[in-house]
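Each chain, letter by letter, is given below.
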Amino acid sequence: MGNGISPRVPFNLATCVGTEREYVNAVLDGSHLSGDGPYTKACQALLEGALGVNKVLLTTNCTHALEMMPLILDIGAGDEVIMPSFTFVSTANAFVLQGAKPVFVDIRPDTMNIDERLIEAAITKRTKAIVVVHYAGVACDMDVISEIAHRHGIHLLEDNAHGLFGLYKGRPLGSIGTIAAQSFHETKNFTCGEGGALVLNDASLIETAEIVREKGTNRSRFYRGQIDKYSWVGKGSSYLPAELPAAYLLGQLEAKEHIQGRRAALWERYSERLAQWARLQGVQMPHIPSYATQSYHMFYLVLPSLTERQRFMAYLRERSINTAFHYVPLHQSEMARRLGAPPAQCPVTERISDRLVRLPFFTSMTAEQQNYVTDVITSFEVSA
Ligand SMILES: Cc1ncc(COP(=O)(O)O)c(C=O)c1O
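Residues numbered from 1 in each chain as written. Predicted model: local features only at pLDDT ≥ 70, side-chain atom pairs only at ≥ 80, totals over all residues.

Within the open sheet, the seven strands sit side by side as β1-β9-β8-β5-β4-β2-β3. Their pairing is mixed. The outermost strands of the open sheet, each flanked by one partner alone, are β1 (55-59) and β3 (101-105). Each strand axis lies, on average, 20 degrees off the axis of its neighbour in the sheet, ignoring direction. Relative to strand β4 (residues 127-133), strand β2 (residues 80-84) runs parallel, the two sharing three bridges. Looking across to β4, one finds that Glu 80 is bridged to Thr 127. (Pairing = 2+ DSSP bridges. Helix = DSSP H or I, 4+ residues; strand = E, 2+ residues; numbered from the N terminus. Axes fitted to C-alpha atoms, helices over the stretch in contact; angles between N-to-C directions.)

Here it is, written out as structure tokens:
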């Protein structure tokens, strides 16, 4: 930096493209504030087109979209659901809330995704579903996992919180499993503060999903004029967002090319500027398998040890750069112990959780900010 004053580089700044304000104002000027108005419908239609799926339902957040999954698929007490230990608590809680048991499987050391080679050994006669998380928006090996799920007659579900517009062999993430969940939290590529979506790839589940989302009523059918009154027909809660966040989100979704283009350029720049330093220092960079087109959600590094990761984060913090570690292994959590889960062996999860660090990465990051971050990083030496 020119005057010797370091810029403060935040870890994240919410994406903002400008059109959000106009759309939010249009809602304020109109008369439809509650859910499922024109902006919700426009977001859903845009996502259905982009993902090539049967139905998208906006939800209040990704956690709620995940919570809808067991209610739609009737997964509950006595059932088991396989998932990576290296994920956000919501992936597990969604099923635990209905009495099902999470079964934690380790991740691959290259992509941080569930290790498909370990899934089969975790399947029992109580297994109802496998939930994959496309970590950092880089696809899991979906052909292998789909084949396992199909052979055992269990559901494949996608926690696609990170992966909107990422691809697996050309297929959009979120369009491969029976149901997928999306996040529009402010840390995500596309945001409305708190928001999410449920993606349905099986048309036969649409009506049940609508009922679950509308407090257990058939109000969606009533609004479409298919019935003359609505009533309580099943389990459900209130998972639909109001029009204000939907309007905000539409502005962002319509700017998909701009947002993804910016993020792709930033990601590639990090990769180019850090590759040599990482090689020399024994630092692991993200791996993108040839089958995957990533969603450019995050840029992370894996330091050689916990001590070095902590030293690295402190080094950057002292230079006004904020970084973040990520998931704490779920199989070692207090809640997993309370659930009486059999002790899972997830050594890769434990190692990665200690060593992974996420770099500042946001749509409006400037070249000046990124140069500063990479200059500071490449001046850091890993201790032998
Ligand atoms: C993998 C994963 N699933 C679910 C969530 C929850 O998303 P939300 O905050 O939209 O509920 C997160 C949060 O970042 C996440 O990382």
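Anyway, onward from the coordinates.
What follows deals with the packing of helix α2 (residues 38-51) against helix α9 (residues 243-254). Interaxial distance between α2 and α9 falls to 8 Å at its minimum, and their mutual angle equals 40 degrees. The element α2 and its partner α9 pack so that their crossing is left-handed. Along its contact with α2, which presents Tyr 39, Thr 40, Ala 42, Cys 43 and Leu 46, the element α9 presents Glu 243, Ala 246, Ala 247, Leu 249, Leu 250 and Leu 253. Considered class by class, the residues forming the contact of α2 with α9 number nine nonpolar, one polar and one charged. (Left-handed = near helix turned anticlockwise from the far one by under 90°. Contact = placed C-beta atoms within 7 Å. Nonpolar A, V, L, I, M, F, W, Y, C, P; charged D, E, K, R; others polar.)

On to the domain arrangement of the protein chain, then. What the domain assignment lists for the protein chain is domain 1 (19-254) and domain 2 (256-378). When each unit is reduced to the centre of its C-alpha atoms, the spacing between domain 1 and domain 2 is 25 Å. Domain 1 puts 34 residues into the contact, and the matching count from domain 2 is 31 residues. Mapped by element, the contributors of at least two residues to the side of domain 1 that touches domain 2 are α4 (89-96), β3, β6 (167-168) and α9. (Domains from an automatic or database assignment.)

With that settled, the discussion passes to the sheet that holds β6. One open sheet holds the three strands; their spatial order is β7-β6-β10, and the pairing between them is antiparallel. Every other strand in the sheet has two partners, leaving β7 (171-172) and β10 (292-293) as the edge strands with one partner each.

Moving on: helix α1 (residues 19-29). Looking at α1, one finds that the buried residues are Glu 20, Tyr 23, Val 24 and Val 27. What you see down the axis of α1 is that its buried residues fit within an arc of 100 degrees, all on one side. When the buried face of α1 is taken as reference, the exposed residues oriented beyond 90 degrees from it are Glu 22, Asn 25, Leu 28 and Asp 29. The inward-facing, buried residues of α1 abut α2 and α9. (Buried ≥ 20, exposed ≤ 12 C-beta atoms within 10 Å, placed from the backbone. Arc of directions from axis to C-beta.)

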